[in-house]
Amino acid sequence: MGLGIDSSVELNNGVRMPCLGLGLWKVAPKDARDAVIHAFAAGYRLIDTAMIYGNENAVGEAFRDSGLSREDVFITTKLWREHHGFEKATRAFERSLRNLGLDYVDLYLIHWPGGGDRIGSWKAMEKLQEEGRCRAIGVSNFTMDHLDELLGKARCPPVVDQVEFHPYLYQKDLLGYCKTRNIQLEAYSPLTHANKLSDPALTDIASRYGKSTAQVLLRWGLQHRVVVIPKSIHRERIFQNADIFDFQISREDMLRLDKMDEGLRFSWDPTQVP
Ligand SMILES: NC(=O)c1ccc[n+]([C@@H]2O[C@H](COP(=O)([O-])OP(=O)(O)OC[C@H]3O[C@@H](n4cnc5c(N)ncnc54)[C@H](OP(=O)(O)O)[C@@H]3O)[C@@H](O)[C@H]2O)c1
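Conventions we followed
Residues numbered from 1 in each chain as written. Predicted model: local features only at pLDDT ≥ 70, side-chain atom pairs only at ≥ 80, totals over all residues. Heavy atoms only, no water. Pairing = 2+ DSSP bridges. Helix = DSSP H or I, 4+ residues; strand = E, 2+ residues; numbered from the N terminus. Buried < 20%, exposed > 50% of the residue type's maximum accessible area, 1.4 Å probe, protein only. Right-handed = clockwise from strand over helix to strand, strands pointing away. Near = heavy atom within 4 Å. Polar contact = N/O pair within 3.5 Å; in protein donor to acceptor, adjacent residues only side chain to side chain. Nonpolar A, V, L, I, M, F, W, Y, C, P; charged D, E, K, R; others polar. Contact = heavy atoms within 4.5 Å. Axes fitted to C-alpha atoms, helices over the stretch in contact; angles between N-to-C directions. Left-handed = near helix turned anticlockwise from the far one by under 90°. Parallel < 35°, antiparallel > 145°, perpendicular 65-115°, else oblique.

(A) Quick peek at the sheet that holds strand E8 (residues 160–164). Pairing within the open sheet is parallel, and its 8 strands lie in the order E3-E4-E5-E6-E7-E8-E9-E10. Every interior strand has two partners, whereas the edge strands, strand E3 (21–23) and strand E10 (227–228), have only one. Pairing geometry for strand E9 (residues 184–188) and E10, over 2 bridges, is parallel. Residue pairing across strands places Glu186 opposite Val227, the latter belonging to E10.

Dropping the structure here:
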């Protein structure tokens, strides 16, 4: 069966996660609230926020105004790097939950591997999951080395690694590593943080499908079985970014896109974090 707006992936703990979500980095609370409302109207059910984004409150408000039931939405938030360690992570999670005004989050992620005792944070997150305060726990910006360490010490393996992923940073080895270990890769900055949307090589492919370059980038991620979380604060673009289920990128064009890899990062580089 083909992919659709309702498509989801099954995480390694049995929880289902939508394949498409709305990102909210650098989005002011008022814009975040409106963007989430537009996203729900367009059929998105996954919302990606973080304590450091300062818009968890707005996400909670938009959800309550939406009339959707709690089971229908999937809310991700993240533990900031200054809150690493068992006690601090537990307190930070409580704060996020209060900000969101929710009883539980669907996915709680370690935002960044550096900054403190990440294993202590993970132990706290395992406990929060056991208590039913979050349905799934995962990581972000983890390299294969960080994952190796975590898998060696964790009782619960991470369900997700959320990393920068697009054709200009096609992290093929990490993708393969995660697939073998049943960790779902989630692509942040899937639109290259808007830096490459006018690249002629991309425009050329997009025009052949009658799609925008943004749509081709998202579809490329989906066809690699990666969850994508594009950010936009504009209603029209939020809808456009969800209109990616009526075409299929050919094998030849997938390879062409794969070959655009330049190791280009538009966000952080975690490879130097011990
Ligand atoms: N875990 C992490 O460390 C981490 C790091 C980075 C990002 N993230 C997550 O991933 C999400 C997405 O990444 P991102 O925000 O870096 O960037 P992105 O989604 O790659 O790109 C967003 C940019 O593209 C523009 N845009 C969106 N749709 C468009 C379209 N159809 N046509 C033209 N331009 C379009 C947006 O502008 P407008 O808003 O003006 O439309 C914005 O400037 C974040 O919001 C966040 O939730 C996580």
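(B) Spatial organisation of unusual backbone geometry. The backbone of Asn141 sits at a positive phi, close to 65 degrees, despite the residue not being glycine. Note on placement: Asn141 falls in the loop between strand E7 (134–140) and helix H5 (144–153). Asn141 sits in the buried class, given a relative accessible area of 3%. In this structure, Asn182 is a non-glycine residue whose phi angle is positive, near 60 degrees.

(C) Representation of the environment of Phe165 in the model. By the element assignment, Phe165 lies in the loop between E8 and helix H6 (172–180). The class of Phe165 is buried, set by a relative accessible area of 2%. Residues Phe165 and Leu217, 52 residues apart in the sequence, show an inter-C-alpha distance of 9.9 Å.

(D) Representation of the pairing of strand E5 (residues 74–79) within the structure. Counting buried positions over the 6 residues of E5 gives 6, a clear majority of the element. Two strands pair when backbone bridges link them, and strand E4 (residues 46–48) and E5 are joined in this way by 3 bridges, in the parallel orientation. Its bridge partner lying in E5, Leu46 is registered against Phe74. As a crossover connection, the stretch from E4 through helix H2 (residues 56–66) into E5 is right-handed. One ladder, built from 4 bridges, connects E5 with strand E6 (residues 105–110); its direction is parallel. Of the residues in E6, the one forming a bridge with Lys78 is Leu109. Traced from E5 through helix H3 (residues 86–100) to E6, the parallel crossover comes out right-handed.

(E) Spatial organisation of the site of the ligand. In the vicinity of the ligand lie 29 residues, with Asp48, Ser189, His193, Ser232 and Arg237 positioned nearest. A distance of 2.8 Å separates a nitrogen atom of the ligand from a polar side-chain atom of Ser140. Here an oxygen atom of the ligand sits 2.7 Å away from a polar atom, N or O, in the side chain of Ser189. If you tally residues by element for the shell around the ligand, the top one is helix H9 (residues 235–242), at 3 residues. Looking at the shell around the ligand residue by residue, the class counts come to 12 nonpolar, 13 polar and 4 charged.

(F) Spotlight on the environment of Leu3. Topologically, Leu3 is positioned in the segment before strand E1 (8–10). Among the residues examined, Leu3 registers a relative accessible area of 29% and is labelled partly exposed. Distance in space between the C-alpha atoms of Leu3 and Gln248 is 9.6 Å, their sequence separation being 245 residues. Apart from the residues lying within four places of it in its own chain, the contact partners of Leu3 are Cys19, Arg219, Leu222 and Phe245.

(G) Fine view of the packing of helix H1 (residues 29–42) against H2. Relative to each other, H1 and H2 sit at 40 degrees, their axes nearing to 8 Å. The two elements H1 and H2 cross, and the hand of that crossing is right-handed. Contact with H1, carried on its side by Pro29, Ala32, Arg33, Val36, Ile37 and Phe40, involves Ala58, Val59, Glu61, Ala62, Phe63, Asp65 and Ser66 of H2 and no other residues of that element. Across the contact of H1 with H2, the residue classes break down as 9 nonpolar, 1 polar and 3 charged.

(H) Just the packing of H3 against helix H4 (residues 118–130), in detail. Put simply, H3 and H4 touch, their axes get as near as 7 Å, and they point 45 degrees apart. When the axes of H3 and H4 are compared, the pair comes out oblique. Between H3 and H4 lies a crossing whose hand is right-handed. Across the interface between the two elements, Phe86, Ala89, Thr90 and Phe93 from H3 touch Gly120, Ser121, Lys123, Ala124, Lys127 and Leu128 from H4.

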